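If you want the building blocks of each chain, they are given just below.
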Amino acid sequence: MNEVKILDGNTFVVSDEAGDIEASLTDPTGLFSFDTRFLSKWVLTIDGQRLNPLSVDDLQYFETRFFLVPGTGTVYVDAKLSVIRLRAVGGGFHEVLTILNHDDRPVTLDVRIAADSDFADLFEVKDALKKSGAYARRIDDGRLVLGYKRETFERETWISATQPATIDDQGLRFKVTLEPHGRWETDLHVATGVDAPGQSVAIPKYEGGSRRAKPNMERSLEKWLDEAPRLECDWASLNATYRRSLVDLAALRFSPVSLPGHYLPAAGLPWFMTLFGRDSIFTSLQALPFSAELAATTLTALGLWQGARVDDFRDEDPGRILHELRFGELTAFEERPHSPYYGAADATPLYVVLLDEYERWTGDTRRVRALEPVARAALSWIDDYADLQGNGYVSYKRRNEKTGLENQCWKDSWDSISYRDGRLPGFPRATCELQGYAYDARVRGARLARDVWKDPAYAERLEKQAAELKRRFNRDFWVEDGEYFALALDADGAQVDALASNIGHLLWSGIVDKNKAKRVVRHLMSTRLYSGWGVRTLAEGEGRYNPIGYHVGTIWPFDNSFIAWGLRRYGFKEEAARIAAGILDAAEFFEGRLPEAFGGYPRALTRFPVQYPTACSPQAWSTGAPLLLLRAVLGLEPVGEHLLVDPALPQGIGHLELLDIPGRWGRIDAFGRGTVDVDRVGRGRRQLGVLPQSKVKPTAGSRVHGH
Amino acid sequence: MADPTRAFFEGLAAKGHEPLLASFSGSLRFDLSGGERTEHWHVDLKRGDVAVSHNDHDADVVLSTDRTTFDAVLAGETNAMAALLRGTVTVRGKFILLLAFQRLFRGSPGAHDELPTAGYAKGRR
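For clarity, every value in this text was computed on a predicted model and none was experimentally measured.

This next bit is on the overall build of chain B. In terms of helices and strands, chain B carries 5 helices and 5 strands. Its helices and strands in sequence order give chain B the pattern α-β-β-β-β-α-α-β-α-α, from N to C terminus. For chain B, buried positions account for 35% of its 125 residues. Of the contacts formed within chain B by residues at least 6 apart in sequence, a portion of 63% connects residues at least 24 apart.

A word on the overall build of chain A. Scanning chain A from terminus to terminus reveals 18 helices and 30 strands. Counting only residues that meet the buried cut, chain A has 55% of its 707 residues in that class. For chain A, the proportion of contacts with a sequence separation of at least 24, taken over those separated by at least 6, is 65%.

Now for the domain arrangement of chain A. Residue and element names in this part refer to chain A. For chain A, the domain assignment lists domain 1 (4-193) and domain 2 (221-680). Look at where the C-alpha atoms of domain 1 and domain 2 centre, and you get two points 39 Å apart. Across the contact, 18 residues belong to domain 1 and 18 residues belong to domain 2. Residue assignment for the side of domain 1 that touches domain 2 shows that the elements contributing at least two residues are strand S1 (4-8), strand S2 (11-15) and helix H1 (122-127).

Turning next to the environment of arginine 369 of chain A. Looking at the secondary structure, you find arginine 369 of chain A in helix H8 (residues 365-370). Using a count of 15 C-beta atoms within 10 Å as the deciding quantity, one classes arginine 369 of chain A as partly exposed.

A word on helix H10 (residues 432-451) of chain A. Helix length check: H10 of chain A (20 residues) gives 29 Å between terminal C-alpha atoms against 28 Å at 1.5 Å per residue, within 8%. Taken across its 20 residues, H10 of chain A has 17 buried, putting it largely inside the fold.

Here the focus is the packing of H10 of chain A against helix H11 (residues 456-476) of chain A. How two helices pack is summed up by the angle between their axes together with the distance between the axes. Residues and elements named next belong to chain A. Running from N to C, H10 and H11 cross one another at 160°; their axes reach a closest spacing of 8 Å. When the axis of H10 is compared with that of H11, the two are roughly antiparallel. Classified by chirality, the crossing of H11 by H10 is left-handed. Between H10 and H11, the residues in contact are Gln435, Ala438, Tyr439, Arg442, Val443, Gly445, Ala446, Ala449 and Arg450 and Pro456, Tyr458, Ala459, Leu462, Glu463, Gln465, Ala466, Leu469, Lys470 and Phe473, respectively. Here the contact of H10 with H11 is built from residues that sort into 12 nonpolar, 3 polar and 4 charged.

Residue and element names in this part refer to chain B. Spatially, S3-S2-S1-S4-S5 is the arrangement adopted by the 5 strands of the open sheet, whose pairing is mixed. Pairing within the sheet leaves two strands with one partner each, and these edge strands are strand S3 (49-53) and strand S5 (90-93). Sheet twist, expressed as the mean angle between neighbouring strand axes with direction ignored, is 20°. Taken together, the 10 bridges between strand S1 (residues 25-34) and strand S2 (residues 37-46) define a ladder with antiparallel strand orientation.

Residue and element names in this part refer to chain A. Core analysis: the largest hydrophobic core is formed by 236 residues, its most contacted members being Tyr351, Leu354, Leu355, Ala576, Ala580, Leu629 and Val633. In terms of residues, this core owes the most to one element, H10, which gives 10 residues. Counting residues domain by domain, this core receives three or more from each of domain 1 (4-193) and domain 2 (221-680).

Let us now look at the confidence of the model for chain A. Residue and element names in this part refer to chain A. Here chain A averages 90 in pLDDT, while 91% of its residues score no lower than 70. The low-confidence segment residues 196-213, where pLDDT is below 50, has 38 contacts with residues more than four positions distant or belonging to other chains. Under a pLDDT of 50 for its full length, residues 691-697 has, in the predicted model, 8 contacts with residues more than four places off or in other chains.

All names here are of chain A. The strand order S1-S2-S4-S5 describes an open sheet built from 4 strands, whose pairing is antiparallel. Here the strands that pair on one side only, and so sit at the sheet edges, are S1 and strand S5 (36-39). When strand polarity is set aside, the average angle formed by the axes of neighbouring strands in this sheet is 25°. Two elements, S1 and S2, share 5 bridges in a ladder whose sense is antiparallel. Bridge pairing in S2 links valine 4 to serine 15.

All names here are of chain A. Where strand S28 (residues 655-663) meets strand S29 (residues 666-673), 7 bridges bridge the pair, whose relative direction is antiparallel. What sits directly across from leucine 658, in S29, is alanine 670. Counting the residues that bridge the hairpin from S28 to S29 gives 2 residues.

One full turn of an α-helix is made of 3.6 residues, so residues set three or four places apart face in the same direction. Residues and elements named next belong to chain A. When you tally the buried positions in helix H12 (residues 502-509), you get 8 out of 8 residues, the bulk of the element. Among all positions of H12, only Asn502, Ile503, Gly504, His505, Leu506, Leu507, Trp508 and Ser509 are buried. For H12, the elements touching its buried residues are strand S21 (430-431), H10, strand S23 (484-485), helix H13 (514-524) and helix H14 (557-569).

Below, the discussion takes up the confidence of the model for chain B. For chain B, the mean per-residue pLDDT works out to 87, and 86% of the residues sit at or above 70. With pTM at 0.92, the complex prediction returns an ipTM value of 0.91.

Here we come to unusual backbone geometry. Residue and element names in this part refer to chain A. In this chain, serine 339 is followed by proline 340 through a cis amide linkage whose omega measures -5°. Mapped onto the fold, proline 340 is located in the loop between helix H6 (329-332) and helix H7 (347-362). Residue proline 428 is bonded to the preceding phenylalanine 427 through a cis peptide linkage, with omega at -5°. On the secondary structure map, proline 428 appears in the loop between helix H9 (372-384) and S21. For glutamate 483, which is not glycine, the phi dihedral falls at a positive 60°. By the secondary structure assignment, glutamate 483 is in the loop between strand S22 (478-479) and S23.

Let us look at the environment of glutamine 495 of chain A. All names here are of chain A. Assignment of secondary structure puts glutamine 495 in strand S25 (residues 495-496). Residue glutamine 495 is classed as buried on the basis of its 21 C-beta neighbours within 10 Å. When the C-alpha positions of glutamine 495 and valine 479 are compared, they lie 7.7 Å apart, and in sequence the two are 16 residues distant. Filtering out sequence-adjacent residues up to four positions away, glutamine 495 remains in contact with Phe477, Val479, Ala486 and Leu489.

Let us now look at the environment of serine 23 of chain B. Considering the arrangement of structural elements, one finds serine 23 of chain B in the loop between helix H1 (4-15) and S1. Here the alpha-carbon distance between serine 23 of chain B and arginine 6 of chain B, two residues 17 residues apart in the chain, equals 25 Å. Among all residues touching serine 23 of chain B, those that are not within four sequence positions of it are Ala370 and Pro373 of chain A.

Definitions and limits used
- Per chain, the residues get numbers from 1 upward, laid out in the order the sequence is written.
- All chains are assigned letters beginning with A, and all ligands numbers beginning with 1, in the order in which they are written.
- Residue-level local features of this predicted model are given only where pLDDT is at least 70; pairs of side-chain atoms are given and counted only at 80 or more, and the full residue set underlies all totals for whole chains, interfaces and linings.
- Every helix listed is a DSSP run of H or I at least four residues long, and every strand listed is a run of E at least two residues long, numbered separately from the N terminus.
- Buried, partly exposed and exposed are defined by the number of other C-beta atoms within 10 Å of a residue's own C-beta, namely 20 or more, between the two limits, and 12 or fewer respectively, with C-beta atoms placed from the backbone.
- Here the contact rule is simple: place C-beta atoms from the backbone, and any two residues whose C-beta atoms are within 7 Å are in contact.
- The split into domains, and so the bounds of each, comes from an automatic or database assignment of domains.
- Each residue after the first adds 1.5 Å to the expected span of a helix.
- Interaxial angle, 0 to 180 degrees, is taken between N-to-C directions of lines fitted to C-alpha atoms, where a helix line uses only the stretch in contact.
- Relative orientations are named as follows: roughly parallel for angles under 35 degrees, roughly antiparallel for angles over 145 degrees, roughly perpendicular for angles from 65 to 115 degrees, and oblique for any other angle.
- By the definition used in this description, the sense in which the near helix is turned from the far one sets the handedness, with an anticlockwise turn below a right angle giving left-handed and a clockwise turn giving right-handed.
- Three classes are used, and their members are as follows: Ala, Val, Leu, Ile, Met, Phe, Trp, Tyr, Cys and Pro are nonpolar, Asp, Glu, Lys and Arg are charged, and the others, Gly among them, are polar.
- Only when DSSP finds a minimum of two bridges between them are two strands counted as paired.
- By our criterion, buried Ala, Val, Leu, Ile, Met, Phe, Trp, Tyr and Cys residues that link up through C-beta atoms within 7 Å make up a nonpolar core.
- pLDDT measures how confident the predictor is about each residue, on a scale from 0 to 100.

See the structure below:
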C-alpha cells in the first residue's frame, strides 16, 4: 500500500491512497499529534462501499486532495459519482468532503465516516504494547468525542461536521440527496486535545466553522523558498533535488513548545517529528549556507533543555545535550525516559561545533554570548562526565539498562560497532568519531572564547587539551597493519579494528594528522568502502559486512555529505566531488528525495541504488545532504566577513551557480564551471562523476551584493 | 516533620543568586494545593538574582500541582516534565521560564556513584 503523509510540526496524518485510515500492526496509519495517535480509524463509505482512488494530489506537505470513485466492479461501467477529499493538517485536521453526481437522475446516498482512536503512544505503535487506561466515547453538542484517560492523563479527539449528521459512537452518518449533476459538500473537523505545555486539554482549533485548515506555519512555504539561495545548474536533476530538499526541509521544520514561532529541524517523517540533539544539529549544520534560522532555534532549544543533574533513568548529566524529547503516555508515566532522554555521546560536543559554525556564517555574536554558559557546560561535560574510562577519551555506557540506548553514537543499532572478525566489544565504547567531535568542539570553543567571550586563558586551555587529544588519538587509534583509524577503543582500551565510514568524519573534525590523511582518503575511495554511489558504513570484507545491513554496509547520504566536507577540509577536492557526484546522481532515482540509507552493493552490479527496506523518509539529515554536498563542491567557507568560494565540480556539471547565499556578508553569489564530455551525451543515461577526465581548466568566482 | 518545598524555596532565597538561571529574567509562581489551602511561592528572577516571597501576585508563568507531587519532584522521585505530560502538573504562561527553573530540581536517585568520572566524583564530595 502506498502511504500518503501530510504534516504540520508534530501533527501528521498517514493514510492510504483513498484517504482512509485503518490502523493495524502492519499498517501504522493514523492521525498523530504530540506522539499520540488520535485517530486509528477514519473510513469513508457510500452506501456501505469503500471508494477507489483515482488520483492523489500532494498540494503541499500539509495538504492533500484525494479523487475517488465508487467501485463498479468493471472498467466497462463508468462511475456515476465523484468524491473529493481535500485534507489539511494543523492542530488536528480539516477535510472538505465533496460528492458530485454525474447522472441525469437524482440519487440518495448513505454517506458514512467511521471513526475510532486507540490513543496509542508512538512507542506503542512500534512495539504493540497494551494500554493501561480506559476509553470513553460521548456525543457532546453535535460532536463525537473519543477519549482516553489514565489517572490525570487525558487525551481527546473531537469530531464534527458542518452538514447535519447522525452521530453515534462509531462515527458520523449523512443522508445525502443529490439532484441530477448536483453537488454536496461538508467540512469535517478533527481536533486533538493535548495536555502539552502551554496548552489546555482539548482546545478544538477548528471551532468557528473555518473553511480551511490553519497549519501553524507563520511563514508560508513560498516565503521559505523565496528566502533560500537560488540554484542554477545545467545538470537538470540537481535542480529538482535541490528544490525537493528545500520543500522537505520546510516540512520537517518544527516549532518547539518552548519557542513558539521559531523553527528547528525535526529528525524525520513520520515517526521522528520531534527534537533530537544529534539529528537537529547535523541538519542545522548542513543547512547553514541556506537558512541559519534552523541552527539558531536548535541552539537555543537544546540549550534550554541542557542537562543539569545526574539522573540515571534519563542518562542525564550536568551539561549534557539531550538526545530525544517525547510527549506520549509512556514518557508521561516514566515508563520511557524521553522527558527528555540524554543518552547520546556526540550531541554535546557537536553542540559547540554548531555554535561556532553558526557564528562563522551569521556573525550573530549576541546569541553566541547568550549561549556562553551552555557551551561552557557542554565543554565541561566532555571533561567531567564523558571520560568513563579515565583514559581521556569520550566513551559511552548507558546507566538506564532497561530502556536506555546501548549505542550512543549515530550508528545506534546493536551490531554497528564490531571488530574485524565480527565480535562485538563490551562497554564502555569509545568510538573514533566521538574523539574527533570532542577535538573540534575544543578548537572551536577556543575560537569563540578568544573572539567572542573574550577569555583568552580559557581559549588557551581548550587549545592545549585539543592538541593533547589529537596527539594521543593519532597514536592510540591508528591501526598499524591496516593504516587507518580503529572504529573504537573497547573497555580495555584495545582497538575495535573494523574499517568503517567513521574515518571520514575524522577528516571533517580535523583530528587526523596531515601525514595520515592521504592514507585515510585512500581507504575511503577504495572499492572496499566506496561503492560507486557512496561510502559504505562498513567496509566490504569485514565480519559483519552486509550491503543491506543498517549500519554495517548500507550507504547513508548524510554520512557521505560530512565525509565530503571532511575531504574538502584536507584539500581533497576531487575526491569530495566524486562523493558528491555519486550521492547526487543517486538522488535522481529517488526523485530528489534521498532515503535515510540505500544498499551498499557495487554500482556496477545494480546500476541503480537499492533503497534500504524500512528507511524513514523524508529524513532530515538525508534531506540536508544535497545542501552540504553543494557547499562541498562549491568549496564555500566563511572566513572573517567573507565567503570563500573554491569550486571543484563533479564531472558532468558544466556550470553551477548558487545565488544569494545569506550570511554576515549580506548576500553572495557563488559560481563554478566544470566540464561535460559532449561525446557521451545521448548515449544512454548520463551519469554524474564518471565521465573521463576534463581537458578544460575549471573556473570559479563569487560576487557580493547588498540587499 | 521535614518540609522539602519550604526547604527548597528558603534555600533559594538564602542563596540570592542562582548561576544556572543567569540568562533569565521574569517571575514564576508555584500554586501548591494540599489539605484545605493552596500555598503560593512567588519567585522574581533577574538575570539569576532571585527574590522569593509567599504572595499570589501575577507571574509570567504559573505552575499548579499538589504538595505531594511537588515534594516528589524536589526529591528527584518524580520528573517535572513527565508530571506535566501526565496532567499532574499544569502550567500557564511562559513555559521557557519554567524550563530554565526546572534545572534546580534533582535527578533520580541511582547507582551513578560507582562511575569513575570526575563529575560523579565531584557529586560524591
